[in-house]
Amino acid sequence: MQFSNKKLLILGGNPETIPLVLVAQKMGIEVYLTDDNPNSAAKKFANKSFNVNGLNVEGIIQLAINENVDGVLVGVADILVKSYVKVCEALNFPCYATEELSNIFSHKDFFKQKIREFDVYGISEFELTSELRNEDLIKIQYPVMVKPVDNGGGVGMTCCYNESEIKIAVTKALSASKRSTFLVERYMECDDVGVYYTFQDGICSTSLVYDRYTTDEQQGVSRVCLGGTYPSKHIDTFLNKTDKNLKKMFNALGVKNGVLMLSAFFENGEFYFYDPGFRLQGEAPNLFLDYFHAYDQREQLITFALTGSMGEKKAYELDDPFLNGKYASTLWILLKEGQIKETQGFEILHNNPNIIEVITRLKIGDIITKDIIGTEKQVYCRIYIAASSKIELKLIIKNLQTNLRVFSTSNENMVLSGFNLQLI
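These lines cover the structure that appears in this document, whether it is placed above or below. (Residues numbered from 1 in each chain as written. Predicted model: local features only at pLDDT ≥ 70, side-chain atom pairs only at ≥ 80, totals over all residues. Heavy atoms only, no water.)

1. Observations concerning the overall build of the chain
As a reminder, the rule being used: The numbering of helices and of strands both runs from the N terminus, where a helix is a DSSP run of H or I of at least 4 residues and a strand a run of E of at least 2. With C-alpha atoms as the basis for the radius of gyration, the globule rule is written as 2.2 Å multiplied by the number of residues raised to the power 0.38. Working definition: with a 1.4 Å probe on protein chains only, accessible area under 20% of the residue-type maximum means buried, over 50% means exposed, and in between means partly exposed. Here, two residues are considered to be in contact whenever any of their heavy atoms come within 4.5 Å of each other. Only the protein chains shown count as cover for residues, with accessible areas throughout obtained via the Shrake-Rupley method and a probe of 1.4 Å. A residue counts as positive if it is Lys or Arg and as negative if it is Asp or Glu; His and the chain ends are not included. Lys charges are placed at NZ, Arg charges at CZ, Asp charges at CG and Glu charges at CD.
Counting secondary structure elements, the chain contains 13 helices and 19 strands. By the compact-globule yardstick of 22 Å for 424 residues, the chain fits well, its C-alpha radius of gyration being 21 Å. Looking at the chain residue by residue over its 424 residues, the buried ones come to 58%. The long-range share in the chain, meaning contacts at least 24 apart out of those at least 6 apart in sequence, stands at 66%. Accessible area of the chain: about 17,900 Å², with a carbon and sulfur share of 46%. Of the side-chain charges in the chain, 44 are positive and 52 negative, and the distance between the mean point of each set is 1 Å.

2. Let's talk about the environment of Ile 368
Topologically, Ile 368 is positioned in strand 17 (residues 367-368). The exposure class of Ile 368 is buried, given its relative accessible area of 2%. Measuring from C-alpha to C-alpha, the distance between Ile 368 and Lys 167 comes to 26 Å, with 201 residues separating the pair along the chain. In this structure, Ile 368 is in contact with Leu 335, Lys 336, Glu 337, Gly 338, Leu 362, Ile 373, Lys 377, Gln 378 and Met 414, ignoring residues within four places of it in sequence.

3. Details of the packing of helix 1 (residues 18-26) against helix 11 (residues 297-307)
Where we set the bar: What counts as an axis is a line fitted to C-alpha atoms, over the stretch in contact for a helix, and the angles between N-to-C directions run from 0 to 180 degrees. Comment on the angle field: the value is read as roughly parallel under 35 degrees, roughly antiparallel over 145, roughly perpendicular from 65 to 115, and oblique elsewhere. Crossing chirality is assigned from the near helix's rotation relative to the far helix, an anticlockwise turn below a right angle marking it left-handed and a clockwise turn marking it right-handed.
Helix 11 packs onto helix 1 with a crossing angle of 65° between their chain directions and a minimal axis gap of 10 Å. What the angle tells us is that helix 1 and helix 11 run roughly perpendicular. Here helix 1 runs over helix 11; the crossing is right-handed. Across the interface between the two elements, Pro 19, Leu 20, Val 23 and Ala 24 from helix 1 touch Arg 298, Glu 299 and Ile 302 from helix 11.

4. Some details on helix 2 (residues 57-67)
Those residues of helix 2 lying buried are Val 57, Gly 59, Ile 60, Ile 61, Leu 63, Ala 64 and Glu 67. Buried positions along helix 2 lie against strand 1 (7-11), strand 2 (30-34), strand 3 (48-50) and helix 3 (81-91). Looking one or two residues past helix 2, Asn 68 carries a phi angle of roughly 55°, positive in sign.

5. Here we look at the sheet that holds strand 1
In plain terms, the rule: When DSSP finds at least two bridges between two strands, those strands are taken to pair.
Spatially, 3-2-1-4 is the arrangement adopted by the four strands of the open sheet, whose pairing is parallel. Pairing within the sheet leaves two strands with one partner each, and these edge strands are strand 3 and strand 4 (71-74). Across the sheet, the axes of successive neighbouring strands diverge by a mean angle of 25°, strand direction being ignored. For strand 2 and strand 3, the ladder comprises three bridges, and the chain directions are parallel. Across the sheet, Leu 33 pairs through a bridge with Ser 49, a residue of strand 3. The sheet strands contacting helix 1 are strand 1, strand 2 and strand 4, and the helix crosses strand 2 at an angle near 155°. Most of the contacts of helix 3 go to strand 4, to which it runs at about 165°, and overall it touches strand 1 and strand 4.

6. Considering empty space enclosed by the protein
The cut-off we apply is this: Site definitions follow a grid-based scheme: protein atoms alone, a 1 Å grid, a 1.4 Å probe that fits but cannot get out for cavities, and for pockets an open set with protein on both sides within 12 Å along at least five of seven lines, plus lining residues having an atom within 4 Å of a point. Grid points are joined across faces, edges and corners, and a volume is the space filled by probe spheres set on the points.
All told, the structure shown has two cavities of 30 Å³ or more when counted by the stated rule. Its volume calculated, the largest cavity comes out at about 100 Å³. Forming the boundary of the largest cavity are Glu 16, Pro 19, Leu 20, Val 76, Leu 280, Gln 281, Gly 282, Ala 284, Asn 286, Leu 287, Arg 298 and Ile 359. Within the residue set of the lining of the largest cavity, elements represented by two or more residues are helix 1 and helix 10 (286-293).

7. As for the pattern of salt bridges
In plain terms, the rule: Here, a salt bridge means any Lys or Arg side-chain nitrogen found within 4 Å of an Asp or Glu carboxyl oxygen.
This model, assessed by the stated rule, comprises 22 salt bridges. A salt bridge links Glu 125 to Lys 112; the nearest nitrogen and oxygen atoms lie 2.5 Å apart. A residue pair is termed long-range when its members are at least 10 positions apart, and Glu 125 in the loop between strand 5 (121-122) and helix 6 (134-137) and Lys 112 in helix 5 (residues 108-116) qualify at 13 residues. With a shortest N-O distance of 2.9 Å, Glu 270 and Lys 241 are connected by a salt bridge. Taken together, the positions of Glu 270 in strand 13 (residues 270-277) and Lys 241 in helix 8 (residues 235-241) put the pair 29 residues apart, joining distant regions of the chain. In this structure Lys 241 comes out as partly exposed when scored by relative accessible area, which is 35%.

8. Description of the nonpolar core
The criterion, for reference: Throughout, nonpolar core names a set of buried Ala, Val, Leu, Ile, Met, Phe, Trp, Tyr and Cys residues whose side chains join them through atoms within 4.5 Å.
Within the largest apolar cluster, 90 residues are counted, with the highest numbers of intra-cluster contacts made by Tyr 84, Phe 105, Phe 250 and Phe 273. Excluding residues within four positions of it along the chain, Tyr 84 makes contact with Leu 11, Val 72, Leu 73, Val 74, Pro 94, Cys 95, Tyr 96 and Ala 97. The next biggest cluster of nonpolar side chains, apart from the first, holds 36 residues, and it includes Val 224, Cys 225, Ile 373 and Ile 385.

9. A closer look at the packing of aromatic side chains
So the rule is basically this: For Phe, Tyr and Trp, where Trp contributes only its six-membered ring, two rings pair if their centres lie within 6.5 Å, and the inter-plane angle classes them as stacked under 30 degrees, edge-to-face over 60, or tilted in between. By definition, being over a ring means that NZ of Lys or CZ of Arg is both within 6 Å of the ring centre and within 35 degrees of the ring normal.
On inspection of all chains with the given rule, the structure shows 21 aromatic pairs. Seen from their ring centres, Tyr 230 and Phe 288 are 4.7 Å apart, and the 55° between their planes marks the pair as tilted. Of this pair, Tyr 230 sits in strand 11 (residues 225-230) while Phe 288 sits in helix 10, placing them 58 residues apart in sequence. Comparing Tyr 230 with Phe 288 shows no difference in burial state: the two are buried. Members of the aromatic cluster, connected to one another through ring pairs, are Tyr 84, Tyr 96, Phe 105, Phe 111, Tyr 197, Phe 199, Phe 250 and Phe 278. Geometry around Trp 332 places Arg 382 over its ring, the cationic atom sitting 4.1 Å from the centre.

10. Examining helix 9 (residues 243-253)
We apply this condition: As used here, the arc belongs to the directions running from the helix axis to the C-beta atoms.
Those residues of helix 9 that sit buried are Asp 243, Asn 245, Leu 246, Met 249, Phe 250 and Leu 253. The arc enclosing the buried residues of helix 9, seen along the axis, measures out at 165°, which places them on a common side. Turned more than 90 degrees off the buried face of helix 9, the exposed positions are Lys 248, Asn 251 and Ala 252. After helix 9 finishes, the residue Gly 254 shows a positive phi value of roughly 75°.

11. Points about the layout of surface pockets
Quick reminder of the rule: Note on residue categories: nonpolar means Ala, Val, Leu, Ile, Met, Phe, Trp, Tyr, Cys or Pro, charged means Asp, Glu, Lys or Arg, and polar means any other residue, Gly included.
If you add up the space inside the second largest pocket, you get close to 510 Å³. Lining the second largest pocket we find 26 residues, and of these Thr 214, Thr 215, Asp 216, Arg 223 and Leu 423 sit closest to its centre. Those elements that provide at least two residues to the lining of the second largest pocket are strand 9 (191-200) and strand 10 (203-214). Counted by class, the lining of the second largest pocket contains nine nonpolar, eight polar and nine charged residues.

Here it is as structure tokens:
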């Protein structure tokens, strides 16, 4: 095998990184993984694991030297992209990002500043500092979302409806921000869209455009995703109006390789972007690219980490954001507070030709605590669905949302309501 006896060091060990580890091992690579949590999920699958914090750049550099690794790759964690860049630069390893790109695509405030230069909108915000000056507070129009500038997955985010909630939310956001910086943005209640780009050999490809659905069942916290449907009902508007401006920005920034997710709200004919992610995503839209277009971004990024090239398959030749006339969906099973006792109905996922993949994050005995409500840590599993028509897709989702159950030790169904099929 091409990569036999090669060693790859992956930064971060959350459950979403497990598939990356397994793909690398399938390619014949020995996977080393570091995460300061000794019980992180992906460590159980790595060939060798370490407890060095992903933010400890010097510690990771020394680890890589000591273990004689051949390449480094960030897992599924925005906060570790900057470490990935610094470690690769120090060791002269291939890296798809740069310090400038990691600043722009890992920090919401820098990202908003940059897209303005290319006539792309961000969400309007209200000026507020940690001093909480009264002259700033009285200008806020509620509801608003308070969020750290450099964290994702709902961590540190709060929806606020009054001034007293703002004060608590700011403390929460600051504690979740490495830069101790936060934003106060207008709370938007409109369509939510995801855009997924692949960069290869300096060519940008619009890989996917999809609609995201979030729960409004949990008040006062970030709206966690319930799933998504592909392609987006707004895809034509996006491709005709906004896509070219974003590509001008990518070209100006000199993005050559890698994968990028952008999240946006769609309101009154305009897209308002709010969250970038310059790495593989926890929701794994890459699985649809593998299924519909036969290229695996995980293999591409692993290959790049060891060779400086994303390989022979060219995303820009294979991509079609319209999925060749097909349809797809991710269905997230979100859980309320409680301890998982048992599941019901999940056998319908087995040997189902419409189910591409099921990625499970939690297990029997795990506890959903109050402090993780409003974050992706309350995701029990993600189900990946393919269909030949929109009608078929709706029927599949309805069947799953009707039959899948997760019960707590108090015998209550922990599953939150699914997304409204009438919105598809």
